[in-house]
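Fold and contact review
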Amino acid sequence: PHLSEFYSIVNNTSPSSSDGMVDGERRGSHSMAAPSMTSNFSSISDLRTLVTKRDIKNTVDALQGLLDSSRAYNSSLQEVSRNASLMGHSLENLARLKGCSDDSAEKLLSASGLFYLLANHENIMSQCLKGVLGESLLDKIDQFKVESKKMENEFKSHAREESLKLKIQERHNLKLAQRRTRNLVSYKESLVNLQSQLDQLESLRHDYYQDSYNLVESTCAKVLDAVATVSRARVEISENVARKGWSGGGLDDLLMDAEDPFNKEDSTINEGQSEGEETIEDDNLCLLYTSPSPRD
């Protein structure tokens, strides 16, 4: 019933004299294009991923976890460096004992040099990890916290403003709806303004979630740069150590008589045990039997 004054327009009939509108104004409403309700504002439905407040917290926790791990790894590298240096010193002392042949002493000194090299390289890796990842990562975490909190506060502040405007517009629309006679153009404009306020609020939410996603993405990219540098340092240090075992690397004589520690035969198989025979041992029983052939 509250829209009854619009029936004449929909049915193309003459307006009644009690509708509160002059004929000129009515004709003007027909010639005026109705405001479009289509909005160009962005919506959160346009986003594929929503980075919420919980996701922000998870990001901080993940960064903090990486920082704690790098610090623990750095501490372990320093300990390994010290122990490797002690190992090299002990081998050097052993090589200088009276009665140690020159050949043995030379090989022991080669092994000592290897462990000194390991100690030096692990110390370099420790310093690289601390400088490239540890200290910079702490700064990135602090910066991420500040920026995310700033974005959240700005979003809340603007959201309160837009919500207040929306409530004012809703009250205005309610007053127009309660009038016995209404101006069609004013009523349409009021509806458009209400839709605009809703779009502003939705666009504000869209921008907040998009900015949150961009912040996480940029932070991860910065951390990745540091991780890539540390990873390259680890690979190059390992390659430098591995070159000592190559031909001409300085450990040729030492490694010549060394057994391969990764291809040792199973020592549980007794010498002279014929092929196809297996030994089964129990607490009180040891039997030697011949494995059946596939045909059996």
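Thresholds, definitions, all that
- All residue numbers refer to position in the chain's written sequence, counted from 1.
- Per-residue local features of the predicted model are confined to residues with pLDDT of at least 70, and side-chain atom pairs are confined, for both listing and counting, to 80 or more; whole-chain, interface and lining totals are unaffected and use all residues.
- Neither water nor hydrogens contribute to the side-chain values; these are computed over all heavy atoms in the structure.
- Strands here are runs of E lasting at least two residues and helices are runs of H or I lasting at least four, both read from the DSSP assignment and numbered beginning at the N terminus.
- The buried label applies to any residue whose accessible area, calculated with a 1.4 Å probe on protein chains only, is under 20% of its type's maximum; exposed applies above 50%, and partly exposed to all values in between.
- In what follows, a contact means two residues having at least one pair of non-hydrogen atoms within 4.5 Å.
- What sets the accessible areas is the Shrake-Rupley method with a 1.4 Å probe; for residues, cover comes only from the shown protein chains.
- For salt bridges, the criterion is a side-chain nitrogen of Lys or Arg within 4 Å of an Asp or Glu carboxyl oxygen.
- Note on aromatic pairs: the rings of Phe, Tyr and Trp (six-membered ring only in Trp) are paired at centre separations within 6.5 Å, and the planes decide the class, stacked below 30 degrees, edge-to-face beyond 60, tilted for the rest.
- Nonpolar cores are built from buried Ala, Val, Leu, Ile, Met, Phe, Trp, Tyr and Cys residues. Side-chain atoms within 4.5 Å join them into one set.
- Only residues whose relative accessible area exceeds 30% and that form no salt bridge are eligible for patches; like-charged ones are grouped when within 9 Å, while nonpolar side chains (Val, Leu, Ile, Met, Phe, Trp, Tyr) are grouped when within 5 Å.
- In this tally, Asp and Glu contribute negative charge and Lys and Arg positive charge; neither His nor the terminal groups of the chain are included.
- To locate a charge, take NZ of a lysine, CZ of an arginine, CG of an aspartate or CD of a glutamate.
- Confidence scores here are pLDDT values: one per residue, from the predictor, ranging 0 to 100.
- Here a polar contact is recorded for every N or O atom pair within 3.5 Å, except that within protein the pair must consist of a potential hydrogen donor and a potential acceptor, and residues adjacent in sequence are included only if both atoms are side-chain atoms.

For the protein chain, the helix and strand inventory stands at six helices and two strands. Moving toward the C terminus, one meets the helices and strands of the protein chain in the order α-α-α-α-α-α-β-β. When the 296 residues of the protein chain are sorted by exposure, 27% land in the buried category. Put simply, 75% of the contacts in the protein chain that link residues at least 6 apart link residues at least 24 apart. Only carbon and sulfur atoms are counted for the fraction: they give 52% of the accessible area of the protein chain, which is about 20800 Å².

Counted by the stated rule, this structure contains nine salt bridges. Between Lys107 and Asp103 there is a salt bridge; the shortest N-O distance is 3.6 Å. Here Lys107 pairs with Asp103, and both are found in helix α4 (residues 102-178), just four residues apart, close to one helical turn. According to the relative accessible area criterion, Asp103 is partly exposed, its value standing at 46%. Between Glu236 and Arg232 there is a salt bridge; the shortest N-O distance is 2.9 Å. Remark: Arg232 and Glu236 occur in helix α5 (residues 184-242); sequence separation between them is four residues, near one turn of the helix. For Glu236, a relative accessible area of 37% gives the class partly exposed. A relative accessible area of 59% means that Arg232 is categorised as exposed. Each of the salt bridges in this network shares a partner with another, and the network as a whole consists of Lys53, Lys149, Glu152 and Lys156.

Taken as a whole and assessed by the stated rule, the structure comprises two aromatic pairs. Relative to Tyr208, the ring of Phe155 has its centre 4.4 Å away and its plane inclined at 15°; by these criteria the two rings are stacked. Taken together, the residues Phe155 in helix α4 and Tyr208 in helix α5 connect sequence positions 53 residues apart. For the pair formed by Phe155 and Tyr208, the shared burial category is buried. Taking the centre distance of 5.5 Å and the plane angle of 55° together, the rings of Tyr208 and Tyr209 count as tilted. Taken together through their ring pairs, the aromatic side chains of Phe155, Tyr208 and Tyr209 make up a single cluster.

To continue, consider the nonpolar core. When a protein is soluble and globular, its nonpolar side chains tend to lie buried together. Counting 16 residues, the largest nonpolar core has Ile56, Phe144, Tyr208 and Val216 as its most contacted members. Breaking this core down by element, the ones donating at least two residues are α3 (53-95), α4 and α5. With seven residues, α5 is the largest single contributor of residues to this core. Not counting residues up to four positions away in its chain, the partners in contact with Phe144 are Ile56, Thr59, Val60, Leu215, Val216 and Thr219. One finds Met125, Leu133, Ala226 and Ala233 within the second-largest nonpolar core, a separate group that totals 14 residues.

A grouping of Asp102, Glu106, Asp252 and Asp253 is seen on the molecular surface, where their side chains present a negatively charged patch. Contributing elements (two or more residues each) for the negative patch: α4 and α6 (252-256). Along the polypeptide, Glu106 turns up in helix α4.

Another point: the confidence of the model for the protein chain. On average, the protein chain scores 76 in pLDDT, and the residues at 70 or more come to 69%. Of all helices and strands in the protein chain, the one with the weakest mean pLDDT is strand β2 (residues 286-290) (39), whereas α3 scores best (95). This stretch, residues 267-272, has a pLDDT under 50; its non-local contacts, to residues over four places away or in other chains, come to zero contacts. Predicted confidence is poor over residues 274-296, with pLDDT under 50, and the contacts of this stretch with residues over four places away or in other chains come to 20 contacts.

Within the element layout of this structure, Lys140 appears in helix α4. Notably, Lys140 is buried but unbridged: the nearest opposite-charge side chain belongs to Asp139, and the N-O separation is 7.1 Å. Not counting the four nearest positions on each side in its chain, Lys140 is found in contact with Lys222 and Val223.

Here we come to the environment of His206. Topologically, His206 is positioned in helix α5. Since its relative accessible area comes to 11%, His206 is described here as buried. Considered as a pair, His206 and Asp46 are 160 residues apart in the sequence and their alpha carbons are 8.2 Å apart. At a separation of 3.2 Å, a polar atom in the side chain of His206 contacts the side chain of Asp207.

Attention now moves to the environment of Thr52. Structurally, the position occupied by Thr52 is in the loop between α2 (23-31) and α3. Residue classification places Thr52 among the partly exposed positions, given a relative accessible area of 30%. Between the alpha carbons of Thr52 and Ser212 there is a distance of 7.7 Å; along the sequence they are 160 residues apart.

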